[in-house]
Structures are given as C-alpha cells and as structure tokens.
Amino acid sequence: MISHLLKNGIIVTVNPDREVFFKGAIAIKDDKIVEVGPSEELEKKYTDCEKVTDLGGKVVFPGFVNTHNHLFQTLLRGLGDDMVLKDWLSTMTFPAATNLTQDDCYHGAMLGLMEGIHSGITTNLDYMYPHPRTDLDDGVIRAMRELGIRGIFGRGCMDTGEKYGVHPGIMQTREQIEKEVRYCFEKYHNCDNGRIKVWVAPAAMWSNTRENLQNLWKITNEYKSGFTVHISETEFDRDAAEDLHGKPDIDAMIDMGICGPNVLMVHCVHLTDEDIKKCEKYDLKISHNVCSNMYLSSGVCRIPDLLKAGVTCSLGVDGAASNNANDMVELMKNTALLQKVATRDPLSMTAEKVVEMATIDGARAVGLEKEIGSLEAGKKADLVVFDPYECVKAVPLHNPCSTLVYSASLKNITDVMVDGREIMKDGVILTVKDEKAELKAAQKAAEDLCVRGHITNRMEGHKWNDSYRKYEKR
Ligand SMILES: [Zn+2]
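The model shown is predicted, which means the values in this text are computed figures rather than measured ones.

(A) Seen up close, the overall build of the protein chain. For the protein chain, the helix and strand inventory stands at 16 helices and 17 strands. What you see for the protein chain is a C-alpha radius of gyration of 22 Å, in line with the 23 Å of a compact globule of 474 residues. When its C-alpha atoms are laid out on the principal axes, the protein chain stretches across 70 × 50 × 50 Å. Within the protein chain, buried positions represent 55% of all 474 residues. If you take every contact in the protein chain between residues at least 6 apart in sequence, the share linking residues at least 24 apart comes to 75%.

So this is what it looks like as structure tokens:
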C-alpha cells in the first residue's frame, strides 16, 4: 500500500532527463518515492493509498538544499549592516559568538530553520562557528531534530589565527577540538533515520594549523563524512594562508592532502584559472553564497567558468548576519541576476540552472545525490509544493522554473515534506507548536544576547548610518 499519493500537479523532477510532468503525480511509501509520472496512470495504478492529496495544479519541486549557513547568526540579523568586515566582526559577530548559550543556539537555529522551511529548504548544512563549549552544538542539532529537517551539522573550529584577528575566546587546542568533534560524531552522526549528519568545518585555512587540519581530515574520512571550509572569500584569505602555510588557501589545502569529492569549499570568490582546474581535477565542491558576497562586497564567484570546467556548484544562504535572510527563493533570483550582470551575458545563468543548483547539484555537493535532489523512484521523499496563487507576483505562471526563480516569494511555498513526512502544510510548520511564540522567543534571545555581549547597535543605540555621504555632492 502507498502511504501518500500526490496527484494532479506540475511535477518538476530534475531527474537525469529533466522531465516535467504537467499533469503529474508522485507515489510515496514511507520515506521514499515509489513512482513519478502522469497523474492519470498513477491514479489508476495506486488505488490503495493511505492518503491522497489533490494538488489542483500546484507545482512540486525537489526539496532545496542549502549548503552553507551559520544558524546562530539569525539572532544577529540587521546588527552588522553596511559595515566593513573589521567593524562587522568587532561590533557584533565576535561579541555574540563569545557570549552564546545553548538556548541562544537553539532559538537562533529554530528561527533560521523555520525561515528556511518556509522558503523550501529541506536540507540545511549549518556551519557552527568555532566555540569552546560542547553544549552549544546540542542546541543547534536539537532544533534540526525537532523541526524534522535534513540537517548537516558542521562543527566549526580553529586553533590559531590571533595574529590575523581571531578572537581568542573562540579558539581551542587541537586536543579539545578533536574531543568535541568526536563527541558530535558519536552522539549524532546518521541519527533520525539518517537525517542528521555531522561534518567537520574548520573556519579557514589561516585559522588552523597544518596538524589540526590534517587530523580533522583523518577524522572526516574515518566517519565517511564531509569537510567544509571557507576558501578565497576575500583576498585576505589567500594572503593570510600564504603567510601561515606558505601557499594560498586552496593550494595549502591540496598540499595537505585535503582534497576529494567530500570537500565543500565555501565562497571561492577569488579563484584563479589554475584553481578552477584543480577544483575539477579533485572533484572539489563549491557552495556559492551570492547574497553574502554582495552584502560584504566580497566580489563575484566565477560560476559559469566553474560550470564549464565541470565543477559542482551549489547554493548557500550564509549566516543571516551577512544576508540577512535564510530565504532560498530570494537567493535563487540573486544567483541568476548577479552572473548575468558580471558576465554581461543573459545566457550565462538560466532559471533552470539555478533550480539544478538548488536541488540536484546541492545534493551532490553534500554527497547525497543518490538519496535526494530530484524526484525519482527510490529517492527520499523530500519535496516542496509551490502554489502560484499565494502571492500576486507569481501570476501568471507559464514556466514553473522561471516563476520560482524570478517572480516568487516564500509565501508561494505552501507544503514541505522531508523523508515522506509533511513538516509544513498550507503555510504552517507542523513540527513546531506555535510559530509566533517561537518567533517571540527568538526575539527575546536576540535581545538578551545583545545585553550580554554589550552589543549596542540597535534601537536607540543605532546611529543614522551616513557613510554614503562620501559619495554625495553636498
Ligand atoms: Zn560562512
């Protein structure tokens, strides 16, 4: 017997043939997809179903994969706007990161993940900042598990970098890092029907010693897991790595033997032609974080060149202190537009390619392409239902990928399923008791964190930012 038949919808499969069934259906048994095809056929074939949903022409996409986030930063949303990086770090990021409690991490993660679910994210890779307290990791993972999302927890770490401005309060010794990383693996890796994974997430090449990085790589492979690191977000990343390791960050990483399909490099804005060849050679994966790159004026990642070289490029929202959202729908539009402007070629990025990056390429980037990323028989039932009539800007719908990428809002995402379980229905998240109460709890946690961290850039303490005046004729 089938657990759930979704019929009479537009099914954008993102399967190898990129089939779209305009009158389609999906049959699900437990956590897996049994069949995707024409609605009429599937309705005839599967008459014995526990549950039938008539989609009434709504669109179904594979669940979106967000390959980079810092969920705790959701509490810092709006505090670091329009600053240079040095001020962004000293005004709020480091004061917050050094004053986090487990509850802050939980509420920040709940807020960020709830927003993510509303925007269709079914898999979220969180890159928890380096920190010295084990129980903070538990706070983030608790939110992932409660919400029922597919969660990859990247345990952040650094054991050096004071010289380059790292706050000593969030550094740890190599021994402490190994202990904490192993704690996360032993306690959580592959729990909840495999929905929760643990990854290793050193902050940057210049904030970790060679010994620490090589040890972390060893642990990564011991647990058959993944390794994610910020690479070449700025020129500083390359220069500081060269100062510490004698080579720019990507070369230093490869030189240490840290390379392979389970390495996910975040940002990669300043890659050279030679670097791009190395990405292809070692099958290194990319997490492209367009909103953050624009927000922090980092530059433009060379996505079309990377794609031409056959490199897998996925999408990341990055932390809400540099976005300021966890909204995949908004991210998709920005992804397309920035490449068009950077290349001055409207064909350099299409709506369809952006959908691939948000789904199957995202799945590949986190090593889950056999399980998720497309709607196909045998894969996990992770999907998103899109209703154009929920937001005026999405009407008329002529091409579902175009509507999703260029004229949708998170209001259009009405239902979200992970592992065959509906975690959002009709715009309401079913795995949280009261969404508004959780929003209020997050607001309170954010305010309390500002008090503890002496972060004053809010309400009356925020001064009118007139730095733009240097560009104005007075
Ligand atoms: Zn990041």
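(B) View of the packing of helix α3 (residues 102-118) against helix α16 (residues 435-452). Viewed as axis vectors pointing N to C, α3 and α16 meet at an angle of 130°, and their least axial separation amounts to 9 Å. Considering the angle they form, α3 stands oblique to α16. Here α3 and α16 pass one another in a crossing that is left-handed. From α3, D103, D104, H107, G108, M110, L111 and M114 reach across to α16, where they touch E435, E438, L439, A441, A442, A445 and L449. Across the contact of α3 with α16, the residue classes break down as eight nonpolar, two polar and four charged.

(C) Unusual backbone geometry, seen in detail. For the peptide bond that leads from N323 to N324, omega is 0°, which places it in the cis range. Examined against the element boundaries, N324 turns out to sit in the loop between β13 (313-315) and α12 (328-343). The omega torsion across V395 and P396 is 0°, close enough to zero to call that bond cis. With a phi close to 55°, D30 is a non-glycine residue in the positive phi region. Within the element layout of this structure, D30 appears in the loop between β2 (20-29) and β3 (32-38). Look at R344: it is not a glycine, yet its phi comes out positive at around 55°. With 7 C-beta atoms counted inside 10 Å, the residue R344 sits in the exposed group.

(D) Just the nonpolar core, in detail. Core analysis: the biggest nonpolar cluster contains 149 residues, and I26, V60, A109, L113 and F153 have the highest contact counts within it. Here this core gets eight residues from one element, more than from any other, and that element is α3. Looking at which domains feed residues into this core, each of domain 1 (2-62 + 375-429) and domain 2 (64-365) gives three or more. Not counting the four nearest positions on each side in its chain, L113 is found in contact with L71, N124, A143, M144, L147 and I149.

(E) Focus on helix α6 (residues 210-222). Taking 1.5 Å of rise per residue, 13 residues should cover 18 Å, and α6 covers 18 Å from first to last C-alpha, within 8% of that figure. Of all the positions in α6, only N212, L213, L216, W217 and T220 are classed as buried. Angular distribution of buried residues about the axis of α6 spans 135°; they occupy a single face of the element. Exposed residues on α6 whose side chains face more than 90 degrees from its buried face are E211 and E222. Looking at the packing, one finds that the buried side of α6 touches α5 (174-188), β9 (196-202) and β10 (227-231). Downstream of α6 by one or two residues, K224 has phi in the positive range, about 50°.

(F) Layout of the pairing of strand β15 (residues 413-418). Burial runs high along β15: five of the six residues are buried. Bridging between strand β14 (residues 383-386) and β15 involves four bridges; their strand directions are antiparallel. In the sheet register, L383 faces β15, and the bridge partner there is M417. Here β15 pairs with strand β16 (residues 421-425) via three bridges, running antiparallel. Residue pairing across strands places V416 opposite M424, the latter belonging to β16.

(G) View of the domain arrangement of the protein chain. Each domain of the protein chain was delimited in the assignment, giving domain 1 (2-62 + 375-429) and domain 2 (64-365). Computed from C-alpha atoms alone, the centre-to-centre distance between domain 1 and domain 2 is 29 Å. At the interface, 22 residues of domain 1 touch 26 residues of domain 2. Going through the elements one at a time, β5 (59-62), α15 (400-406), β15 and β16 are the ones with two or more residues in the side of domain 1 that touches domain 2. Here the element with the most residues in the side of domain 1 that touches domain 2 is α15; it accounts for five residues. Partitioned by chemical class, the residues of the side of domain 1 that touches domain 2 number 16 nonpolar, two polar and four charged.

(H) Looking closely at the pairing of strand β8 (residues 150-157). Burial analysis of β8 places eight of its eight residues in the buried class, the great majority of the element. Burial of β8 is two-sided: the residues R150, I152, G154 and G156 facing one way and the residues G151, F153, R155 and C157 facing the other way are all buried. As judged from the six bridges shared by strand β7 (residues 121-128) and β8, these two strands associate in the parallel manner. For L125, the partnering residue across the bridge sits in β8 and is I152. A crossover connection joins β7 to the parallel β8 through helix α4 (residues 134-147); in handedness this β-α-β unit is right-handed.

(I) Just the packing of α12 against helix α13 (residues 351-358), in detail. Direction vectors running N to C along α12 and α13 enclose 130°, while the axes themselves pass 10 Å from each other. On the basis of the axis angle, α12 is oblique to α13. Between α12 and α13 lies a crossing whose hand is right-handed. Of α13, the residues touching α12 (which contributes M328, M332, T335 and A336) are A351, V354, M357 and A358. Residue classes in the contact of α12 with α13 are distributed as seven nonpolar, one polar and no charged.

(J) Highlighting helix α9 (residues 273-282). For α9, the set of buried residues is D275, I276 and C279. For α9, the buried positions fall inside an angular range of 100° around the axis, keeping them on one side. α9 presents D273, E274 and K281 as exposed residues on the side facing more than 90 degrees away from its buried surface. On the buried face of α9, the contacting elements are α8 (249-255), β12 (285-288) and α11 (303-308). Immediately beyond the C-terminal end of α9, within one or two residues, lies D283, with a positive phi of roughly 55°.

Conventions and cut-offs
- Residues numbered from 1 in each chain as written.
- Predicted model: local features only at pLDDT ≥ 70, side-chain atom pairs only at ≥ 80, totals over all residues.
- Helix = DSSP H or I, 4+ residues; strand = E, 2+ residues; numbered from the N terminus.
- Rg over C-alpha atoms; globule rule 2.2 N^0.38 Å.
- Buried ≥ 20, exposed ≤ 12 C-beta atoms within 10 Å, placed from the backbone.
- Contact = placed C-beta atoms within 7 Å.
- Axes fitted to C-alpha atoms, helices over the stretch in contact; angles between N-to-C directions.
- Parallel < 35°, antiparallel > 145°, perpendicular 65-115°, else oblique.
- Left-handed = near helix turned anticlockwise from the far one by under 90°.
- Nonpolar A, V, L, I, M, F, W, Y, C, P; charged D, E, K, R; others polar.
- Core = buried A, V, L, I, M, F, W, Y, C linked by C-beta atoms within 7 Å.
- Domains from an automatic or database assignment.
- Expected span 1.5 Å × (residues − 1).
- Arc of directions from axis to C-beta.
- Pairing = 2+ DSSP bridges.
- Right-handed = clockwise from strand over helix to strand, strands pointing away.

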